[in-house]
Amino acid sequence: MRVVVDLPEPDMGVGGERLWAVPLGDDVYEIRSSPWHVRNINWGDRVKAVAESEDKWPTFISVVKRSGHRTMHIYLLEEGRERREELLAEINRLGASYENADSSMYAVDCGPDVDVVPVFSYFDELKRNGVLDFRISEY
(Lines give C-alpha, C1' and ligand atoms only; values in the text may rest on other atoms or scores of the structure.)
Protein backbone atom coordinates (compact mmCIF):
# COMPACT_ATOMS: atom_id res chain seq x y z
CA MET A 1 0.00 0.00 0.00
CA ARG A 2 1.19 3.52 -0.71
CA VAL A 3 0.27 6.87 0.82
CA VAL A 4 0.56 9.88 -1.47
CA VAL A 5 2.10 13.04 -0.01
CA ASP A 6 1.79 16.25 -2.02
CA LEU A 7 4.73 18.63 -1.86
CA PRO A 8 3.41 22.20 -1.90
CA GLU A 9 6.89 23.55 -2.69
CA PRO A 10 8.36 21.06 -5.18
CA ASP A 11 11.96 20.27 -4.42
CA MET A 12 14.22 18.96 -7.20
CA GLY A 13 11.26 19.02 -9.60
CA VAL A 14 9.19 16.62 -7.48
CA GLY A 15 5.56 17.58 -6.74
CA GLY A 16 4.75 14.62 -4.52
CA GLU A 17 5.93 11.31 -3.14
CA ARG A 18 4.40 7.88 -2.57
CA LEU A 19 5.47 6.23 0.69
CA TRP A 20 5.04 2.56 1.57
CA ALA A 21 2.60 2.15 4.43
CA VAL A 22 0.62 -0.45 6.35
CA PRO A 23 -3.10 0.25 6.87
CA LEU A 24 -4.09 0.23 10.55
CA GLY A 25 -7.79 1.05 10.06
CA ASP A 26 -9.88 4.22 10.30
CA ASP A 27 -7.77 5.92 7.56
CA VAL A 28 -4.61 5.57 9.68
CA TYR A 29 -1.41 4.16 8.14
CA GLU A 30 2.05 3.39 9.50
CA ILE A 31 4.82 4.60 7.18
CA ARG A 32 7.25 1.82 6.24
CA SER A 33 9.80 3.64 4.09
CA SER A 34 12.16 6.55 4.47
CA PRO A 35 10.92 9.55 2.52
CA TRP A 36 13.19 10.97 -0.20
CA HIS A 37 11.66 14.44 -0.43
CA VAL A 38 8.94 14.79 2.21
CA ARG A 39 10.28 16.53 5.30
CA ASN A 40 7.37 16.24 7.73
CA ILE A 41 7.03 12.43 7.86
CA ASN A 42 9.51 9.81 9.08
CA TRP A 43 9.77 6.01 9.10
CA GLY A 44 7.17 4.49 11.44
CA ASP A 45 5.06 7.62 11.84
CA ARG A 46 1.33 6.97 11.92
CA VAL A 47 -0.52 9.21 9.53
CA LYS A 48 -4.10 10.01 8.59
CA ALA A 49 -4.68 9.58 4.85
CA VAL A 50 -7.89 9.47 2.86
CA ALA A 51 -8.52 8.09 -0.62
CA GLU A 52 -10.79 10.02 -3.00
CA SER A 53 -12.18 6.69 -4.23
CA GLU A 54 -11.48 2.98 -3.87
CA ASP A 55 -9.27 2.95 -6.98
CA LYS A 56 -6.98 5.74 -5.69
CA TRP A 57 -4.18 5.65 -3.15
CA PRO A 58 -4.90 7.52 0.07
CA THR A 59 -3.56 11.07 0.30
CA PHE A 60 -1.75 12.28 3.42
CA ILE A 61 -3.75 14.56 5.72
CA SER A 62 -1.75 14.75 8.98
CA VAL A 63 0.61 12.97 11.34
CA VAL A 64 -1.35 11.12 14.04
CA LYS A 65 1.59 9.83 16.08
CA ARG A 66 5.35 10.28 15.75
CA SER A 67 7.55 7.18 15.78
CA GLY A 68 10.65 8.88 17.16
CA HIS A 69 12.55 8.33 13.90
CA ARG A 70 14.29 11.24 12.18
CA THR A 71 15.12 11.41 8.48
CA MET A 72 18.01 13.27 6.90
CA HIS A 73 18.39 13.59 3.15
CA ILE A 74 21.92 13.73 1.78
CA TYR A 75 23.19 14.39 -1.73
CA LEU A 76 26.80 13.46 -2.40
CA LEU A 77 28.77 16.00 -4.40
CA GLU A 78 31.68 14.87 -6.60
CA GLU A 79 34.14 14.49 -3.70
CA GLY A 80 31.46 12.68 -1.70
CA ARG A 81 30.93 10.18 -4.50
CA GLU A 82 34.65 9.42 -4.40
CA ARG A 83 34.42 8.80 -0.63
CA ARG A 84 31.01 7.03 -0.71
CA GLU A 85 32.04 3.82 1.08
CA GLU A 86 33.79 5.73 3.89
CA LEU A 87 30.78 8.05 4.37
CA LEU A 88 28.24 5.23 4.40
CA ALA A 89 30.33 3.24 6.87
CA GLU A 90 30.42 6.27 9.19
CA ILE A 91 26.64 6.68 8.96
CA ASN A 92 26.28 3.07 10.14
CA ARG A 93 28.93 3.54 12.84
CA LEU A 94 26.90 6.48 14.19
CA GLY A 95 23.89 4.14 14.50
CA ALA A 96 21.87 5.34 11.52
CA SER A 97 20.77 3.41 8.44
CA TYR A 98 20.24 4.59 4.88
CA GLU A 99 18.44 3.89 1.62
CA ASN A 100 20.17 4.56 -1.68
CA ALA A 101 18.27 6.32 -4.47
CA ASP A 102 20.93 6.62 -7.17
CA SER A 103 24.37 6.37 -5.51
CA SER A 104 24.31 10.13 -4.94
CA MET A 105 21.10 10.67 -3.00
CA TYR A 106 20.40 8.86 0.27
CA ALA A 107 17.62 8.91 2.85
CA VAL A 108 19.28 8.48 6.25
CA ASP A 109 17.11 7.14 9.07
CA CYS A 110 17.94 7.77 12.72
CA GLY A 111 15.83 5.53 14.94
CA PRO A 112 14.52 6.67 18.31
CA ASP A 113 17.59 5.24 20.05
CA VAL A 114 20.07 7.12 17.82
CA ASP A 115 21.49 10.46 18.93
CA VAL A 116 20.97 12.68 15.87
CA VAL A 117 23.44 15.34 17.04
CA PRO A 118 26.62 13.44 16.01
CA VAL A 119 25.01 12.53 12.66
CA PHE A 120 23.98 16.15 12.09
CA SER A 121 27.45 17.38 13.10
CA TYR A 122 29.11 14.90 10.74
CA PHE A 123 26.93 16.03 7.82
CA ASP A 124 27.42 19.70 8.71
CA GLU A 125 31.22 19.28 8.61
CA LEU A 126 31.00 17.44 5.28
CA LYS A 127 28.78 20.19 3.87
CA ARG A 128 31.27 22.89 4.93
CA ASN A 129 34.01 20.90 3.17
CA GLY A 130 32.04 20.59 -0.09
CA VAL A 131 31.48 16.83 0.21
CA LEU A 132 27.67 16.75 0.39
CA ASP A 133 24.53 18.74 0.86
CA PHE A 134 21.81 17.70 3.32
CA ARG A 135 18.44 18.47 4.84
CA ILE A 136 16.89 17.26 8.05
CA SER A 137 13.22 16.42 8.42
CA GLU A 138 10.86 17.80 10.99
CA TYR A 139 10.46 15.68 14.08
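Now for a look at the structure at hand. In this text, all values refer to a predicted model and were calculated from it rather than measured experimentally.

An ideal rise of 1.5 Å per residue puts 18 Å on 13 residues; helix α3 (residues 116-128) measures up with 18 Å between its terminal C-alpha atoms. Those residues of α3 that fall on the buried side of the exposure criterion are Val-119, Tyr-122, Phe-123 and Leu-126. The arc that holds every buried residue of α3, seen down its axis, measures 90°, which confines them to one face. Along α3, the residues that are exposed and aim more than 90 degrees away from the buried face are Val-117 and Arg-128. Among the structural elements, β6 (70-76), α2 (84-93), β8 (105-110) and β9 (132-136) are those in contact with the buried residues of α3. Where α3 terminates, the next one or two residues include Gly-130, which has phi positive at roughly 70°.

For His-73, the location among the structural elements is in strand β6. The class for His-73 is buried, based on a relative accessible area of 5%. Among the polar contacts made by the side chain of His-73, one reaches the main-chain carbonyl oxygen of Pro-35 at a distance of 2.9 Å. At a separation of 3.5 Å, a polar atom in the side chain of His-73 contacts the main-chain carbonyl oxygen of Trp-36. In this structure, His-73 is in contact with Pro-35, Trp-36, His-37, Val-38, Arg-39, Tyr-106, Asp-133, Phe-134 and Arg-135, ignoring residues within four places of it in sequence.

Further remarks concern the environment of Asn-100. Within the secondary structure, Asn-100 sits in strand β7 (residues 97-100). For Asn-100, a relative accessible area of 41% gives the class partly exposed. Spatially, the C-alpha atoms of Asn-100 and Glu-90 are 15 Å apart, while their sequence positions differ by 10 residues. Those residues within four positions of Asn-100 in sequence are excluded, and the remaining contacts are Trp-36, Met-105 and Tyr-106. Side-chain polar atoms of Asn-100 contact the backbone nitrogen of Asp-102, separated by 3.0 Å.

We now examine the pattern of salt bridges. Side chains that differ in charge, positive against negative, can pair when their charged atoms come close. Going through the model one piece at a time under the given rule, you end up with eight salt bridges. Between Glu-90 and Arg-93 there is a salt bridge, with the nearest N and O atoms lying 2.7 Å from each other. Taken as a pair, Glu-90 and Arg-93 lie in helix α2 at a separation of three residues, close to a single helical turn. Residue classification places Arg-93 among the exposed positions, given a relative accessible area of 59%. For the salt bridge of Asp-133 with Lys-127, the shortest nitrogen-to-oxygen distance reads 3.2 Å. Residue classification places Asp-133 among the partly exposed positions, given a relative accessible area of 37%. The exposure class assigned to Lys-127 is partly exposed, which follows from its relative accessible area of 40%.

To continue, consider the sheet that holds β8. The four strands lie next to each other as β7-β8-β6-β9, forming an open sheet whose pairing is antiparallel. Edge positions in the open sheet fall to β7 and β9, since each of these has one partner strand only. Averaged over all adjacent pairs, the angle separating strand axes in this sheet is 25°, with direction ignored. Where β6 and β8 come together, six bridges link them in antiparallel fashion. Note that in β8 the partner of Tyr-75 across the bridge is Met-105. Lying on the sheet, α2 is in contact with β6, β7 and β8; it crosses β7 at an angle near 140°. Taken strand by strand, α3 contacts β6, β8 and β9, and its axis lies near 145° from that of β9.

Parameters and conventions
- Residues numbered from 1 in each chain as written.
- Predicted model: local features only at pLDDT ≥ 70, side-chain atom pairs only at ≥ 80, totals over all residues.
- Heavy atoms only, no water.
- Helix = DSSP H or I, 4+ residues; strand = E, 2+ residues; numbered from the N terminus.
- Expected span 1.5 Å × (residues − 1).
- Buried < 20%, exposed > 50% of the residue type's maximum accessible area, 1.4 Å probe, protein only.
- Arc of directions from axis to C-beta.
- Contact = heavy atoms within 4.5 Å.
- Polar contact = N/O pair within 3.5 Å; in protein donor to acceptor, adjacent residues only side chain to side chain.
- Salt bridge = Lys/Arg side-chain N within 4 Å of Asp/Glu carboxyl O.
- Pairing = 2+ DSSP bridges.
- Axes fitted to C-alpha atoms, helices over the stretch in contact; angles between N-to-C directions.

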